[in-house]
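What the coordinates show
As a plain string of letters, each chain reads:
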Amino acid sequence: MTSQPPSGLQAGLKNRHLSMIAIGGVIGAGLFVGSSSGIRTAGPGILLSYALVGTLVVLVMRMLGEMSAANPTSGSFSAHADRALGRWAGFSIGWLYWFFWVVVLAVEATAGATILEGWVPAVPQWAWALIVMMVLTATNLVSVGSYGEFEFWFAGIKVVAISAFVVIGGLAVFGVLPGVDSDKAGLSNLTDHGGFLPNGPGAILTGVLLVVFSFMGSEIATLAAGESEDPQRAVTKSTNSIIWRVGVFYLGSIFVVVTLLPWNDPSIKEKGSYVAALDSLGIAHAGQIMNFIVLTSVLSCLNSGLYTASRMAFSLGQRGDAPKAFARTTSRGVPLAAIIASVVFGFVAVFFNYKFPDSVFLFLVNSSGAVALFVWLVICFSQLRMRKIIERESPEKLVVRMWLYPYLTWATAALIVFVLGYMLTDTEHDGRETVLLSLLVAAVVLAIAVVRQRTGRGSAAVDGRPGTHTVDDGDDVNDVVKVG
């Protein structure tokens, strides 16, 4: 079934774009650069940390897929929360998610600039950060199709690289890779050097805290689906494929790393896990190859981050929860004001990174750190109510169904709350500070949402119809009241 995207946007994303956005969305730069600390903390047991978070992501994406297949929208989970839980929920989670991605823009721009400065030192790092931000802003401003095309190739490089890494590394582990004599490789690395859990079972949960944020981005396909030729098909396909994507790209590649090298090998800390693994195979220029792949991941994350932030701002504008200008689009279907606003805040964050890295920017990073878990929690509670709404209004739209509803949804929500609670006990890796600062920012946004709702400011749009807002009378969250 083909449906039109929200008012003003255009169906400029092809099926191949959506497929690659869905696949590439789960491969963030965090996987390449953040896995080494997890391995050092949990040893081979980091595989259990990745499996636990991977399972969480699969379950949350199943819930989101159920809601988004029934009602594809650029606001995704924010729009679903608006409808299922109330205006306050859609407003709060939408703005928190937007905040998360504009901070990510600064983090990724700086990471990319660091690599580029190493290749061309004549250009200062801040200039490289400015250049990559401007290039990708221009890409997003042209059309959604140009964003899709760039992301298709960026994600394609990531997918090919990590797939090749899994295959080559796997062959080396089992001793069947021609021309490679790796004396350290073998399945024995999983149990030697202190055992599978050298730092005890508690390290698995600490590992969860270190890897959970590298999974953020898997939900991008549901936002992008609203601008595709066949949104329902795109959402269904990306939801159904999430299991093998997490299995191959995360568990598969980390398995290769911890079997190619002992978990406590000094090179993992010095070079990073993937570079160290490639070096152990004697592959020439492994560091530069991985730098290129990381740069591609950074650009992909920047490209998608800008797209995601702008579409969330567009959706908030449509629902009266952001300036009306955010909901206006150009003749090419591009939300110009939403993109510019997101970029401006991204540039401001980049400036803070260079001017006040240990104060203002550190606050921004930590205060947005737990947003991923907040988003997943809101998706759980939204799905609990949206299932009943969809079954009552249009059961034929339930083409994707959450498994073992509602029990598995409640279990997932409980696990997320447990992870947040465990983070409060973590002082070594800034877990407590991240949760407390994120809760502080969330409380401020929530307070603004409640005040707006009490004072009746803004008029939301329901299913793309401006001039209406939802009223939750405790009976039916879909009571619609005309405004004006």
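This structure is a prediction, so every number in the text was calculated from the model and none was measured. (Residues numbered from 1 in each chain as written. Predicted model: local features only at pLDDT ≥ 70, side-chain atom pairs only at ≥ 80, totals over all residues. Heavy atoms only, no water.)

1. Structural notes on unusual backbone geometry
- The omega torsion of the bond from Y405 to P406 falls at 0°, within 30 degrees of zero and hence cis.
- Within the secondary structure layout, P406 lies in the loop between α17 (371–393) and α18 (407–423).
- With a phi close to 45°, S76 is a non-glycine residue in the positive phi region.
- Relative to the helices and strands, S76 is located in helix α4 (residues 76–84).
- On the basis of relative accessible area, S76 is assigned to the buried category, the value being 0%.
- With a phi angle near 60°, H193 is a residue other than glycine that sits in the positive phi range.
- Mapped onto the elements of the fold, H193 is located in the loop between α7 (144–173) and α8 (202–211). (Helix = DSSP H or I, 4+ residues; strand = E, 2+ residues; numbered from the N terminus. Buried < 20%, exposed > 50% of the residue type's maximum accessible area, 1.4 Å probe, protein only.)

2. Topic: the nonpolar core
- Residues F77, Y97, W101, V375, W376, I379 and I416 are the most contacted members of the largest nonpolar core, which totals 153 residues.
- Counting residues per element, this core draws most heavily on helix α5 (residues 87–119), at 19 residues.
- Apart from residues no more than four positions distant in its own chain, I416 is found in contact with L56, V60, L373, W376, L377 and C380. (Core = buried A, V, L, I, M, F, W, Y, C linked by side-chain atoms within 4.5 Å. Contact = heavy atoms within 4.5 Å.)

3. Comments concerning empty space enclosed by the protein
- One pass over the full model with this rule turns up two cavities of 30 Å³ or more.
- A volume near 40 Å³ is recorded for the second largest cavity.
- Together, L105, V132, M133, L136, T137, L302, L306 and V343 line the second largest cavity.
- Elements supplying a minimum of two residues to the lining of the second largest cavity: α6 (125–142) and α14 (286–318).
- Here the lining of the second largest cavity gets four residues from one element, more than from any other, and that element is α6. (1 Å grid on protein atoms, 1.4 Å probe; cavity = no way out; pocket = protein on both sides within 12 Å on 5 of 7 lines; lining within 4 Å. Points joined across faces, edges and corners; volume = space filled by probe spheres on them.)

4. A word on helix α16 (residues 360–368)
- If you check which residues of α16 are buried, you get F361, L364, N366, S367 and S368.
- Residues of α16 that are buried make contact with α5, α15 (336–355), α17 and α19 (431–455).

5. Comments concerning the packing of α4 against α5
- Where α4 meets α5, the closest approach of the two axes is 6 Å, and the angle between their N-to-C directions is 160°. Accordingly, the angle class assigned to the pair α4 and α5 is roughly antiparallel. Like other packed secondary-structure pairs, α4 and α5 cross with a definite hand, here right-handed. Contact residues: α4 offers F77, S78, A81 and D82, while α5 offers R87, A89, G90, I93, G94 and Y97.
- For the contact of α4 with α5, the per-class residue count stands at five nonpolar, three polar and two charged. (Axes fitted to C-alpha atoms, helices over the stretch in contact; angles between N-to-C directions. Parallel < 35°, antiparallel > 145°, perpendicular 65-115°, else oblique. Left-handed = near helix turned anticlockwise from the far one by under 90°. Nonpolar A, V, L, I, M, F, W, Y, C, P; charged D, E, K, R; others polar.)

6. Describing the environment of R233
- Relative to the helices and strands, R233 is located in helix α10 (residues 231–240).
- Sequence spacing of R233 and V399 is 166 residues, and the spatial spacing of their C-alpha atoms is 9.4 Å.

7. Description of the layout of surface pockets
- For the largest pocket, the calculated volume is near 1200 Å³.
- For the largest pocket, the lining is made up of 44 residues, of which G30, V107, F213, S214 and V365 are closest to its centre.
- Counting only elements with at least two residues in the lining of the largest pocket, the list comes to α1 (15–25), α2 (29–42), α5, α7, α8, α14, α16 and α19.
- The biggest single contributor to the lining of the largest pocket is α5, with seven residues.
- Its residues assigned to classes, the lining of the largest pocket shows 22 nonpolar, 17 polar and five charged.

8. Brief notes about the pattern of salt bridges
- Using the criterion set out here, one finds ten salt bridges in the structure.
- Close ionic contact of E393 with R83 constitutes a salt bridge, the shortest N to O distance being 2.6 Å. You can see E393 sitting in helix α17 and its partner R83 sitting in helix α4, a full 310 residues away along the chain.
- Judged by its relative accessible area of 13%, R83 falls in the buried class.
- In this structure, the salt-bridge partner of E227 is R311, at a minimum N-O distance of 2.8 Å. Highlighted residues: E227 in the loop between α9 (220–224) and α10 and R311 in helix α14, separated in sequence by 84 residues. Considered together, E227 and R311 belong to a single accessibility category, that of buried residues.
- Each member of the salt-bridge network shares a partner with another, and the members are D82, R87, R319, D321 and R452. (Salt bridge = Lys/Arg side-chain N within 4 Å of Asp/Glu carboxyl O.)

9. Here's the deal with the confidence of the model for the chain
- With 92% of its residues at a pLDDT of 70 or more, the chain has an overall mean of 85.
- Taken together, the stretch residues 459–484 has pLDDT below 50 and engages in 56 contacts with residues farther than four places along the chain or on a different chain. (pLDDT = per-residue confidence, 0-100.)

10. Regarding the environment of G28
- Structurally, G28 can be placed in the loop between α1 and α2.
- Looking at G28, the relative accessible area reads 13%, which means it is buried.
- With residues near it in sequence (within four places) discarded, G28 still touches S214 and Y250.

11. Quick word on the packing of α1 against α7
- Running from N to C, α1 and α7 cross one another at 50°; their axes reach a closest spacing of 8 Å. Judged on the interaxial angle alone, α7 and α1 are oblique. The two elements α1 and α7 cross, and the hand of that crossing is left-handed. From α1, R16, H17, M20, I21, I23 and G24 reach across to α7, where they touch G145, Y147, G148, E149, E151, F152, A155, G156, K158 and V159.
- In terms of residue class, the contact of α1 with α7 is built from seven nonpolar, five polar and four charged.

12. Overview of a nonpolar patch on the surface
- Together, V167, L171, F174, V176 and L187 line one region of the surface with nonpolar side chains, adding up to about 460 Å² of accessible area.
- Relative to the helices and strands, V176 is located in the loop between α7 and α8.
- With a relative accessible area of 52%, V176 lands in the exposed category. (Patch = residues over 30% accessible without salt bridge, like charges linked within 9 Å, V, L, I, M, F, W, Y side chains within 5 Å. Areas by Shrake-Rupley, 256 points an atom, 1.4 Å probe, with all protein chains shown as cover.)

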